[in-house]
Amino acid sequence: MRTPSEWARAEFGFEADARQREVLDTEARRVLLCCSRQWGKSTVTALRALHFAEHHPGSTTLCVTPTQRQSGLFLEKVQRYVKGPVVRDAREAASVKLANGSSIIGLPGQEGTIRGFDDVGFLILDEAALIQDCVYTATRPMRVLSDGLLWMISTPHGQSGFFHVAWHDEEGGWTRFKVSAAECERFRPEVLAVERVALGERMYAQEYLCEFLPSDLQMIPAQLVEGAVTDDEEPLDEAAL
Ligand SMILES: Nc1ncnc2c1ncn2[C@@H]1O[C@H](COP(=O)(O)OP(=O)(O)O)[C@@H](O)[C@H]1O
Ligand SMILES: [Mg+2]
């Protein structure tokens, strides 16, 4: 059987770069993709979502993004590769229903409005660092019965939130991919040099070099807090206080 990257090249002429091939073809069930702006996170994930939907008849793929607009943009990337007329899933406007009964649905991640879906075969959180924790908590179980795929893809944004936690969680069973703009040949070095000056070192490091930086409002960087935690001391005995 063709790998997803072979399928994408043969069907759509999409030439994934070496790192994109690794991501497209991973068999990991829980994936973290921490990459520069404009690397192709959404494009690669949209292709993998369509590959999944085509190869799992009747399946549901859910892509949650921070806003309705971003859900629409993700679905546009999927629709670009759908052959023939695009049919929507009746349940959501930003959606595609394939002839084999599979659906790919885009949802905005807003507290209180996220609707429930059963038996999600593939859950994607796009721009995960900007999605609220409560949305992660609400959607993650929707794929638990079938141990559906879970991909969280983002550029970092500060040192809090579930994406930051998952990236640093050794026991979460995650397979991680990290690609900075400097490692990707679609970014011209002279253009990146201009971006660096325009954004300043801090924001350039976050947006293009994928660094989890403390936000301006954060008084103490996470590393300092983590470094101050020790197992050498006995916990305080509250009763003795
Ligand atoms: N392998 C590739 N070949 C050509 N263009 C690509 C490739 N990967 C990504 N792109 C283009 O790069 C741009 C950014 O892609 P996008 O998926 O929106 O990035 P991200 O979600 O990481 O910000 C899009 O115009 C996309 O078509
Ligand atoms: Mg994107």
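These numbers come from a predicted model, not from an experiment. (Residues numbered from 1 in each chain as written. Chains lettered and ligands numbered in written order. Predicted model: local features only at pLDDT ≥ 70, side-chain atom pairs only at ≥ 80, totals over all residues. Heavy atoms only, no water.)

*Asks:* It is not clear to me how the overall build of the protein should be interpreted in this structure. Could you clarify?
*Replies:* Within the protein, the regular secondary structure consists of eight helices and seven strands. Computed over the C-alpha atoms, the radius of gyration of the protein is 20 Å, within 12% of the 18 Å expected from 2.2 N^0.38 for a compact globule of 241 residues. Taken over the C-alpha atoms alone, the protein extends approximately 70 × 50 × 35 Å along its principal axes. In the protein, which comprises 241 residues, the proportion classed as buried is 47%. Look at the contacts in the protein between residues 6 or more apart in sequence, and 69% of them connect residues 24 or more apart. In the form shown here, the protein has an accessible surface area of approximately 13,000 Å², with 52% of it arising from carbon and sulfur atoms. (Helix = DSSP H or I, 4+ residues; strand = E, 2+ residues; numbered from the N terminus. Rg over C-alpha atoms; globule rule 2.2 N^0.38 Å. Buried < 20%, exposed > 50% of the residue type's maximum accessible area, 1.4 Å probe, protein only. Contact = heavy atoms within 4.5 Å. Areas by Shrake-Rupley, 256 points an atom, 1.4 Å probe, with all protein chains shown as cover.)

*Asks:* Honestly, the nonpolar core in this entry has me stumped. Any pointers?
*Replies:* Here is a general trend for soluble globular proteins: nonpolar side chains tend to be buried in one another's company. Membership of the largest hydrophobic core comes to 41 residues, with the highest contact counts inside it found for L50 and V78. At seven residues, helix α3 (residues 41–55) tops the list of elements feeding residues into this core. In contact with V78, not counting residues within four places along its chain, are A46, L50, V96 and I104. In terms of nonpolar packing, the next biggest core, distinct from the first, is built from 26 residues, C34, L62, V135 and M152 among them. (Core = buried A, V, L, I, M, F, W, Y, C linked by side-chain atoms within 4.5 Å.)

*Asks:* Teacher, can you tell me more about the site of ligand 1 here?
*Replies:* Around ligand 1 lies a shell of 14 residues, among which E15, Q20, Q38, K41 and T43 are the nearest. Within the backbone of W39, one N or O atom sits 3.2 Å away from an oxygen atom of ligand 1. Between K77 and ligand 1, the recorded distance is 3.1 Å, taken from a side-chain N or O atom to an oxygen atom. Burial of ligand 1 by the protein chains amounts to 71% of its free accessible area of 560 Å². The leading source of residues in the shell around ligand 1 is α3, at three residues. Residues that form the shell around ligand 1 fall into these classes: three nonpolar, six polar and five charged. (Near = heavy atom within 4 Å. Polar contact = N/O pair within 3.5 Å; in protein donor to acceptor, adjacent residues only side chain to side chain. Nonpolar A, V, L, I, M, F, W, Y, C, P; charged D, E, K, R; others polar.)

*Asks:* Help me understand the packing of aromatic side chains in this model?
*Replies:* For any pair of aromatic rings, the description consists of the separation of the ring centres together with the inter-plane angle of the planes. In this structure the tally under the stated criterion is nine aromatic pairs. Ring geometry for F12 versus Y81: centroids 4.9 Å apart, planes at 50 degrees, classification tilted. Taken as a pair, F12 in helix α1 (residues 4–12) and Y81 in the loop between α4 (68–79) and β3 (95–97) lie far apart in primary sequence, 69 residues in all. Relative accessible area serves as the criterion here: at 10%, Y81 is assigned to the buried category. Taking 6.0 Å as the distance between ring centres and 35 degrees as the angle between the ring planes, the aromatic pair formed by F163 and F212 counts as tilted. Of this pair, F163 sits in helix α6 (residues 162–167) while F212 sits in the loop between α7 (189–207) and α8 (222–228), placing them 49 residues apart in sequence. The exposure classification of F163 matches that of F212, with both residues buried. Put simply, the rings of W7, F12 and Y81 touch in pairs and so form one group of aromatic residues. A cation over a ring is seen here: R176 above W167, with NZ or CZ 5.8 Å from the ring centre. (Phe/Tyr/Trp six-rings, centres within 6.5 Å; stacked < 30°, edge-to-face > 60°. Lys NZ or Arg CZ within 6 Å of the ring centre and 35° of its normal.)

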